[in-house]
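# Coordinate inspection notes
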Amino acid sequence: MASQQGLELTQHAGGFTLTFQQRVLIQHTAAAPCLWIGRGKADIEMFRGNFSIKDQLSEKLALTETQIVPQGKGWLIRFSRGDVAQCTLAITTDAQGRLEMQLRNSDEQNNRMWLRLAAQQEDHVYGCGEQFSYFDLRGKPFPLWTSEQGVGRNKQTYVTWQADCQENAGGDYYWTFFPQPTFVSSQKYYCHVENSCYMNFDFSAPEFHELAIWQDQAVLRFDCADSYISLLEKLTALLGRQPELPDWVYDGVILGIQGGTEVCQQKLDVMREHGVKVSGIWAQDWEGRRITSFGKRLMWNWRWDSELYPELDKRIPQWKKEGVHFLGYINPYVAIEKELYAEAAEKGYLTKDYDGKDYQVEFGEFYAGVVDLTKPEAYDWYKNVIKKNLIEFGLDGWMADFGEYLPTDTVLHNGIDAEIMHNAWPALWAKCNYDALEECGKLGEILFFMRAGYTGSQKYSVMMWAGDQNVDWSLDDGLASVIPAALSLAMTGHGLHHSDIGGYTTLFEMKRSKELLMRWCEFCAFTPMMRTHEGNRPDDNWQFDHDVETIRQFARMSQVFSSLKPYIKQAVALNAQSGLPVMRPLFLHYEDDAHTYSLKYQYLFGRDLLVAPVHEEGRTDWTLYLPQDSWINLWTGERHSGGAEVTIAAPMGQPPVFYRADSEWAELFASLRTL
């Protein structure tokens, strides 16, 4: 046995066992090898951000023989299979005490690797970015590739079948805007792979986790802790943490409005007259719009459209004096028929096709060029577009949309294959927005929010949103799906998350109902940010101002949200300081309660609020689990002992929310009953 700083390597007949901080991470024998290599050719097709990915695999070899050589603080393990193939695994610890594994395939003919990490049958696994259908990932494979999240996201549903028939857009349980090769085990360790190639993390086998990596090298990092809170602190120290949000975000709901300056003013007036706390107007069509068969789309020429929004430059400062901030929209593409595209093309700032021409992506009845963010001059140019056309114009925030569409057959300035850059692209797009804010001295004042992400988004994306949920009650793509999405992202190191109130995608005769909008509204009062969206087909959806009852729901829940400002701010500050997420799985604070590890539709909002949103149509009661503690119903004041399920009344406007009886915020929570 050899030991190095918490590392133990035990050699035995035909193999070895690697242990780190008393966790067995690798077990290898000739009969059950831990490493395989192979040769494949990726077949990747994209249509409007939806990807069909197949691997033409011609060879897969188990590397059964090992040679172990001491090296520095660890070892170099050479894996081979006769004279056919060879791979090395360099194992060491870094200056922070993390375990580092450098996996390298020296056989040029092989470009696929499969590494098996030891597992226990009772393990729970979390993370892998933003996962909408599952929170505990144990028992399934999770391909990691940023893409559209899919419509329906469940191959057993009629909606998914319709979307697949139309545009291969139905998706599956693992489709996500924000994948990441990071997981947290209930053995209280994390594993993070530093690579942006296509990967597949398969947690199906009872005795191992198999990580498939479509490249010839990768760096894996591991760390352990005595608690999940400490483990997330270590993980976010590695990946980075989000800064605190602008103070104004907590002052009410951000209303998603389209259609022009006066439409914004009229809707704002109606909502405020009824007591709605409004912190912002988000007008995504501030730069113009177009109409397609999908619905209302934007012009993608990131400049103020003075015809659609006359005198907006004067109205923005007026609204800001009234405490209402104006937000817009941008993405990393430019529509081919407008002047920003012409300027980028003239300067050579767009990605190319294999013939050296500007690459054009079809986005649904219109085309756009891809700004080449790997080219320093193009990056600076687009960053200055954000500075001048958004920040200097007066916007206090924007949706930094897309990021997941990078085609794999485009040519980038940095020379890296677009298949490898594809996953890294959203984080680079986030950095462009972040740098614009930082260089203008506006971090902490201006907000941008994103749906796409990857490793690195933790450092640069100041707020995530869940993307384009259906305007329905489906578990995989409706209101319910947002909860495991937030919790999975929390366990991946990004602790700030919110969603479109009411959902977005309106297709196949879906129509957002009044009940859905109102239930989504009360859920979002217990997230770090409240923001509405009209959806892609506003006329088919129930909107926040469609009747007085709906407006009153927004008035009350926006008052609840703004009253919680000091509590939410403290939780956001903790996320910035230590990586403790705002929306938390229950086991972060109740580790010894086995029941909490399987909960995916309820969460802790900060330390002291437990939230279990009603996500089924027509319900007026709700069953949830209270962990061992003393709990008080937020709306009735009734006390409950923990350690069991409870069924409570959940009328509209009273979502199932409890607070800890001994919370320092108990007086604030009790005051919400008077609203």
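The structure presented is a predicted model; accordingly, all values stated were derived computationally and were not measured.

Attention now goes to the overall build of the chain. For the chain, the count of helices and strands is 13 helices and 38 strands. Projecting the C-alpha coordinates of the chain onto the three principal axes gives extents of approximately 80 × 65 × 50 Å. Of all 675 residues assigned to the chain, the portion counted as buried reaches 64%. Residue pairs in contact within the chain that sit at least 24 positions apart in sequence constitute 69% of those at least 6 positions apart. Accessible surface, the chain as shown: approximately 23,600 Å² in total, 45% of it carbon and sulfur. Averaging the coordinates of the 62 positive side-chain charges in the chain and doing the same for the 90 negative ones gives two points 2 Å apart.

Here we take up the packing of helix α6 (residues 376-391) against helix α7 (residues 418-439). At their nearest, the axes of α6 and α7 sit 9 Å apart, and the two run at 55° to each other. Between α6 and α7, the interaxial angle falls into the category oblique. Between α6 and α7 lies a crossing of right-handed hand. Each of Tyr379, Tyr382, Lys383, Ile386, Lys387 and Ile391 in α6 lies in contact with α7, whose residues at this interface are Leu428, Trp429, Lys431, Cys432, Asn433, Asp435, Ala436, Leu437 and Glu439. Residue composition of the contact of α6 with α7, grouped by class: nine nonpolar, one polar and five charged.

Inspection of the entire model under this criterion finds one cavity of 30 Å³ or more. When its volume is computed, the largest cavity comes out at roughly 30 Å³. Forming the boundary of the largest cavity are Pro243, Glu244, Leu245, Pro246, Leu437, Leu443, Gly444, Ile446 and Val462. For the lining of the largest cavity, the class distribution of residues is seven nonpolar, one polar and one charged.

This brings us to the nonpolar core. Ranked by internal contacts, the top residues of the largest apolar core, which has 157 residues, are Trp300, Tyr382, Trp398, Leu447, Phe526 and Phe605. Broken down by element, the residue count for this core peaks at 10 residues, all from α7. Membership of the second largest hydrophobic core comes to 48 residues, among which are Phe16, Val125, Tyr189 and Cys224.

Glancing now at the pairing of strand β8 (residues 74-80). Burial of β8 is extensive: six of the seven residues sit out of reach of the surface. Relative to β8, strand β7 (residues 65-71) runs antiparallel, the two sharing seven bridges. Across the sheet, the residue bridging to threonine 66 is phenylalanine 79, located in β8. Hairpin connection, β7 to β8: the antiparallel pair is bridged by two residues, and glycine 72 has positive phi, about 55°. Note that β8 and strand β9 (residues 86-93) share six bridges and pair antiparallel. Counterpart to leucine 76 in the pairing with β9 is alanine 90. Turn length for the β8-β9 hairpin, with the two strands adjacent in sequence and antiparallel, is five residues, and the turn residue glycine 82 shows positive phi of about 60°.

In the numbering adopted here, UniProt assigns the feature "domain: Glycoside hydrolase family 31 N-terminal" (unreviewed entry) to residues 70-158. Annotation note: span residues 70-158, helix share 1%, strand share 45%, distance between end C-alpha atoms 57 Å.

With that out of the way, let us pick up the packing of aromatic side chains. Applying the stated criterion to the full structure yields 53 aromatic pairs. Taking 4.9 Å as the distance between ring centres and 50° as the angle between the ring planes, the aromatic pair formed by tyrosine 333 and phenylalanine 363 counts as tilted. With a gap of 30 residues between them, tyrosine 333 in strand β24 (residues 333-335) and phenylalanine 363 in the loop between β25 (360-362) and β26 (367-370) connect regions that are remote in the sequence. Of the residues examined, phenylalanine 363 reaches a relative accessible area of 2% and is grouped as buried. Ring centres of phenylalanine 449 and tryptophan 465 lie 5.9 Å apart, and the angle between their planes is 85°; this geometry places the pair in the edge-to-face category.

Spatially, five strands are ordered β19-β20-β23-β27-β28 in an open sheet, and the strand pairing comes out parallel. Looking at strand neighbours, the two that pair on one side only are β19 (253-256) and β28 (447-449), the edges of this open sheet. In this sheet, neighbouring strand axes are inclined to one another by 25° on average, regardless of whether the strands run parallel or antiparallel. Set on the sheet, helix α3 (residues 261-273) makes contact with β19 and β20 (278-282); between it and β20 the angle comes to about 155°.

Counting buried residues along β20, five of its five residues qualify, which places the element largely inside the surrounding structure. Inspection of the sheet shows β19 paired to β20 by four bridges, in the parallel sense. Of the residues in β20, the one forming a bridge with valine 253 is valine 278. Note on the crossover from β19 through α3 to β20: the handedness is right-handed. Across three bridges, the pairing between β20 and strand β23 (residues 325-330) is parallel. Bridging across to β23, glycine 280 finds its partner in histidine 325.

Taken in spatial order, the three strands of this open sheet run β24-β26-β25, and their pairing is antiparallel. At either end of the open sheet lies a strand with only one pairing partner, and these are β24 and β25. On average, adjacent strands in this sheet sit at an angle of 40° to one another, irrespective of strand direction.

Per the counting criterion, the structure on display carries 44 salt bridges. A salt bridge links glutamate 591 to lysine 188; the nearest nitrogen and oxygen atoms lie 2.6 Å apart. With glutamate 591 in the loop between β31 (583-584) and β32 (603-605) and lysine 188 in the loop between β14 (179-185) and β15 (189-194), this pair connects stretches of sequence that are 403 residues apart. Like lysine 188, glutamate 591 is buried. Here lysine 234 and aspartate 223 are joined by a salt bridge, their closest N and O atoms 3.7 Å apart. Placement of lysine 234 in helix α2 (residues 228-239) and of aspartate 223 in strand β18 (residues 217-224) is noted, with a sequence separation of 11 residues between them. By relative accessible area, lysine 234 is classed as partly exposed at 32%. For aspartate 223, a relative accessible area of 8% translates into the label buried. Linked by salt bridges that have partners in common, Asp94, Arg98, Glu100, Glu194 and Arg221 make up one network.

What counts and what doesn't
- Residues numbered from 1 in each chain as written.
- Predicted model: local features only at pLDDT ≥ 70, side-chain atom pairs only at ≥ 80, totals over all residues.
- Heavy atoms only, no water.
- Helix = DSSP H or I, 4+ residues; strand = E, 2+ residues; numbered from the N terminus.
- Buried < 20%, exposed > 50% of the residue type's maximum accessible area, 1.4 Å probe, protein only.
- Contact = heavy atoms within 4.5 Å.
- Areas by Shrake-Rupley, 256 points an atom, 1.4 Å probe, with all protein chains shown as cover.
- Lys, Arg positive; Asp, Glu negative; His and termini not counted.
- Charge placed at Lys NZ, Arg CZ, Asp CG, Glu CD.
- Axes fitted to C-alpha atoms, helices over the stretch in contact; angles between N-to-C directions.
- Parallel < 35°, antiparallel > 145°, perpendicular 65-115°, else oblique.
- Left-handed = near helix turned anticlockwise from the far one by under 90°.
- Nonpolar A, V, L, I, M, F, W, Y, C, P; charged D, E, K, R; others polar.
- 1 Å grid on protein atoms, 1.4 Å probe; cavity = no way out; pocket = protein on both sides within 12 Å on 5 of 7 lines; lining within 4 Å.
- Points joined across faces, edges and corners; volume = space filled by probe spheres on them.
- Core = buried A, V, L, I, M, F, W, Y, C linked by side-chain atoms within 4.5 Å.
- Pairing = 2+ DSSP bridges.
- UniProt positions renumbered as here; feature names shortened; annotations may be inferred.
- Phe/Tyr/Trp six-rings, centres within 6.5 Å; stacked < 30°, edge-to-face > 60°.
- Right-handed = clockwise from strand over helix to strand, strands pointing away.
- Salt bridge = Lys/Arg side-chain N within 4 Å of Asp/Glu carboxyl O.

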